[in-house]
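Notes for the structure review
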Amino acid sequence: MSKKKRKGTKSSGKKRTKDNIELYKNKILQFLNNNSGKAFTEKQIARKAGASNKKARAMVVHALIDLELDEKIRETGKGFYTSIYEGELLKGKVDFVNPRFGFIVVEGEDHDIKVASRDMGQALDGDEVEVQIFKEAMDGRNPEGRVVQIIKRSRMEFVGRLDLGDRFAFVIPDNKRMHTDIFVHKGKLKGAKNNDKVIVRITSWPEDEKSPIGEVVKILGKAGDNTAEMHSIMAEFGLPFEFEEKIVEAAERIPGEITNDEIKKRRDFRDVTTFTIDPVDAKDFDDALSFVDLGDGMYEIGVHIADVSHYVTPDSVLDKEAFARATSVYLVDRTIPMLPERLSNDLCSLRPNEDRLTFSATFKMDDNGTVKDAWFGRGVIHSDRRFSYEEAQELIEGQEGDFADEIRLLNSIAKKLKAKRYTKGAINFETVEVKFKLDENGKPLGVIPKVRKDAHKMIEEFMLLANKSVAEKVYHKKKGKEKLTFVYRVHDNPDPDRLETFGKFAARFGHKVDLNSENIAKALNTLMDEIEGKPEQNILESLAIRTMAKAIYTTEERGHFGLAFDHYTHFTSPIRRYPDVMVHRLLQRYLDDNETAEKGLFENKCRHSSEMERRATEAERASIKYKQVEYMSDHVGEEFNGIVSGVTDWGVYIEITDTACEGMIRVADLDDDYYEFDEKNMRLIGQRNKRIITLGDNMKVRVVRTDLDKRNIDLELVYND
């Protein structure tokens, strides 16, 4: 019996040894595959595999031999081993989200590829790269990889603040996604002084150096100076500082006189009641409304748009410049126009008491907003009055004045148009925007939320009607599947996963949103009504918008989810948007019964316009963020009420209720406990006190410091005694 027992024990021991070797083989292979392209010694591999004693290390040796025989690894010489697995190679664009890691966005892939900073090589945000995957996606986590080649740099010039030492200098980039300073030799400063804002160009990046080497190419001014900082933002986003002289001269050469021959080609609205409603400080009036009472409860309402395409002809120097810019950009203290002032503020601006050329859309409708007939074509108007939004609002609220009855009736119709949109599934997003009260030097004295009243909404409804109707006119002009080439503004349906995440986020504020239903818009509108006027309104509205797909320009008609329109375009702002200029040209082409335009050409122009719109939005946000940080710099040490707007493993983001400024409490500064990040539920949990910090929590915070270079506000939690 004893012999049999000993024999059985010996057999079991061999099996355990074999099983352990297989276990080590799996561990070693996973480790080497995850680090493909790198070689490790037997000792390093044993440590990574958890082989802590002599017997275990012997098993590691066996495992290495087996893996080499199986041709899964190879010995590179001198006792180093590496994986034969090279990993899948893909091309994508770097999204360098923070100093620790970034993502490679690959078109057509379901998941972005996570890349640790150490595996980025010298790739920078926006670069086109080749990435090697060494860890596949699993358990909801992104695949992981490393950059193996930089195919194309997105940029070589950066804006930043010069930090000048005794022997060397560094430029600290403004761009939050640029996580390395740029070294500059003293002979390459171009006269820049310490604390200057400069543009620096990267000239080289030695393999063994942490930072790239560059040279100063332009000095923007002293850090903190308003003009220098706004110019820094313009340079950071590649925005032009001014028009070239040839562009200005081309605009100045355009004759201002409107000839009788030109008027004869157009519908004459000069005797029709017409007015504009714009911001009080506006100079470019690109839309006007006209009103005719036809009797029997019927009206003809005209939407008249500046006829930019009459003055800016295809392929002219003005057209090429307008296309390159694609949009006007509105920073806190200045506008970077798409068109020179001669056009934007003069010839194309629908100023009162002057004849002006327009592209018009007129609608015969009843007082319920039901359109019975529509007309589209070129016209000439003579605006009777210029209103500010505030003046129009006073008339809406009962004050007497010019065209008070007409404006009140238009407002009544606009409200009915809006109600119809919501009935059909439009979403009511009213985001909170801020404006600044600035002194003569551009320093912010106050942060004021913008208020949208009925006058704003009235103009918006008639612009939406015109945009929708123009798109419908062109789409239905040609029957069958092959439609006329046109520029559409499309907004795709939201991603279900994002909706689910948003629903969980809203639930933390006590709001139940059924986003699994067919009527997503109704559920979202109900939520928007519930949160109006509450502290969480801005956060939830902003997040809801981020949950939605991004609206873009394209020749592929896919409808507009947010507005609940089957067909939609941008027709109403050609002074500040190039797509509207394209729409005017195409609409006239098809009104003249010409053949369809080349689709590929316009699709490329749409892509460029969408990209420039994104860039403009980012620049506008950067200028707002800078002014918010500058404003809060005068309030260091003061306490504010806020609401948790984001939670990460490195910090808690707080939106200050009064100013809509967002700052961050570093997790390391939460000194009442050690907090662990619960990624799944987006919250921090205290190890000892079990305190939970989660989205939507109300908090009192103190401003600790501000960093204008990085546009950051550092906060600390004010603990209740």
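Each residue is numbered by its place in its chain's sequence as written, counting from 1. Only residues with pLDDT of at least 70 get local features here, since the model is predicted, and only at 80 or more are side-chain atom pairs given and counted; chain-wide, interface and lining totals rely on the full set of residues. Side-chain numbers here rest on the full set of heavy atoms in the structure, without hydrogens or water.

For the rest of this paragraph, the subject is the packing of aromatic side chains. Centre distance within 6.5 Å is the pairing criterion for rings of Phe, Tyr and Trp, where only the six-membered ring of Trp is used; planes under 30 degrees apart are then read as stacked, over 60 as edge-to-face, and the remainder as tilted. Scanning all chains against the criterion turns up 14 aromatic pairs. Judged by centre distance (5.5 Å) and plane angle (70 degrees), the ring pair of Phe170 and Phe183 falls under edge-to-face. In this pair, Phe170 sits in strand S10 (residues 169-173) while Phe183 sits in strand S11 (residues 182-184), placing the two residues 13 residues apart along the sequence. Geometrically, the ring pair formed by Phe363 and Phe376 is edge-to-face, given 6.4 Å between the ring centres and 85 degrees between the ring planes. One end of the pair, Phe363, is in strand S20 (residues 355-366); the other, Phe376, is in strand S21 (residues 371-382), with 13 residues separating them in the sequence. The pair formed by Phe363 and Phe376 is uniform in burial state, with each residue classed as buried. By the ring-pair criterion, three or more aromatic residues cluster together here, those being Phe168, Phe170 and Phe183. Labels follow the DSSP assignment, with helices taken as runs of H or I lasting at least four residues and strands as runs of E lasting at least two, numbered in each case from the N terminus. Here's how the labels work: a residue is buried when its accessible area is under 20% of the maximum for its type, exposed when over 50%, partly exposed in between, all with a 1.4 Å probe on protein chains only.

Turning next to the UniProt feature "domain: S1 motif" (unreviewed entry) in the protein. UniProt positions are given in the numbering used here, feature names are shortened, and annotations may be inferred rather than shown by experiment. UniProt tags residues 637-718 as "domain: S1 motif" (unreviewed entry). Regarding residues 637-718, the helix share stands at 0% and the strand share at 57%, and the terminal C-alpha atoms are separated by 11 Å.

What follows covers a negative patch on the surface. Residues Glu88, Glu109, Asp110 and Glu136 make up a contiguous surface patch of negative charge. Judged by relative accessible area, Glu136 falls into the partly exposed class, the value being 42%. Patch membership requires over 30% relative accessible area and the absence of a salt bridge. Like charges are linked within 9 Å, and nonpolar side chains (Val, Leu, Ile, Met, Phe, Trp, Tyr) within 5 Å. A 1.4 Å probe and the Shrake-Rupley method give the accessible areas. Residues count as covered only by the protein chains that appear here. In what follows, salt bridge is the name for a side-chain nitrogen of Lys or Arg lying within 4 Å of a carboxyl oxygen of Asp or Glu. Counting rule for charge: Lys and Arg are taken as positive, Asp and Glu as negative, and neither His nor the chain ends is counted. We put the charge of a Lys on NZ, of an Arg on CZ, of an Asp on CG and of a Glu on CD.

Each domain span listed reflects an automatic or database assignment of domains. Annotation of the protein at the domain level lists domain 1 (13-83), domain 2 (89-152), domain 3 (157-223), domain 4 (246-490 + 556-617), domain 5 (496-548) and domain 6 (635-717). The straight-line distance from the C-alpha centre of domain 5 to that of domain 6 is 22 Å. Any two residues whose heavy atoms approach within 4.5 Å are treated as being in contact. Counting residues at the interface gives seven residues for domain 5 and nine residues for domain 6. Buried area is a sum: the accessible area each of two parts loses on coming together, probed at 1.4 Å, counted once for each and added. Each partner contributes to the roughly 740 Å² buried at the junction of domain 5 and domain 6, and carbon and sulfur atoms together form 61% of this total. If you look at where domain 5 meets domain 6, you find zero salt bridges. Identification of polar contacts relies on pairs of N or O atoms within 3.5 Å, with a donor-acceptor requirement for protein atoms, meaning one able to donate a hydrogen and the other able to accept it, and with residues adjacent in sequence counted only if both atoms are side-chain atoms. Connecting domain 5 to domain 6 are zero residue pairs in polar contact (both at pLDDT 80 or more). Charged means Asp, Glu, Lys or Arg here, nonpolar means Ala, Val, Leu, Ile, Met, Phe, Trp, Tyr, Cys or Pro, and polar covers whatever is left, Gly included. Its residues placed into classes, the side of domain 5 that touches domain 6 shows four nonpolar, one polar and two charged.

Moving on, we come to the pairing of strand S17 (residues 298-306). Most of S17 sits inside the fold, with eight of its nine residues counted as buried. Bridging between strand S16 (residues 287-295) and S17 involves eight bridges; their strand directions are antiparallel. Of the residues in S17, the one forming a bridge with Ser290 is Gly302. Paired strands are those between which DSSP finds at least two bridges. Linking two consecutive strands that pair antiparallel, namely S16 and S17, is a turn of two residues; a positive phi of about 55 degrees is found at Asp296 within it.

The next subject is the packing of helix H10 (residues 389-396) against helix H12 (residues 454-477). If you want to describe how two helices pack, look at the angle between their axes and the distance between the axes. To get an axis, a line is fitted to the C-alpha atoms, and for a helix only the part in contact is used. The angle between two axes follows their N-to-C directions and goes from 0 to 180 degrees. For the pair H10 and H12, interaxial distance at closest approach is 8 Å and the crossing angle is 100 degrees. As judged from the angle between their axes, H10 and H12 are roughly perpendicular. The residues of H12 that touch H10, namely those facing Tyr389, Ala392, Gln393 and Ile396, are Asp454, Ala455, His456 and Ile459. Residue composition of the contact of H10 with H12, grouped by class: five nonpolar, two polar and one charged. Oblique is the label for any angle not covered by the other classes, which are roughly parallel (under 35 degrees), roughly antiparallel (over 145) and roughly perpendicular (65 to 115).

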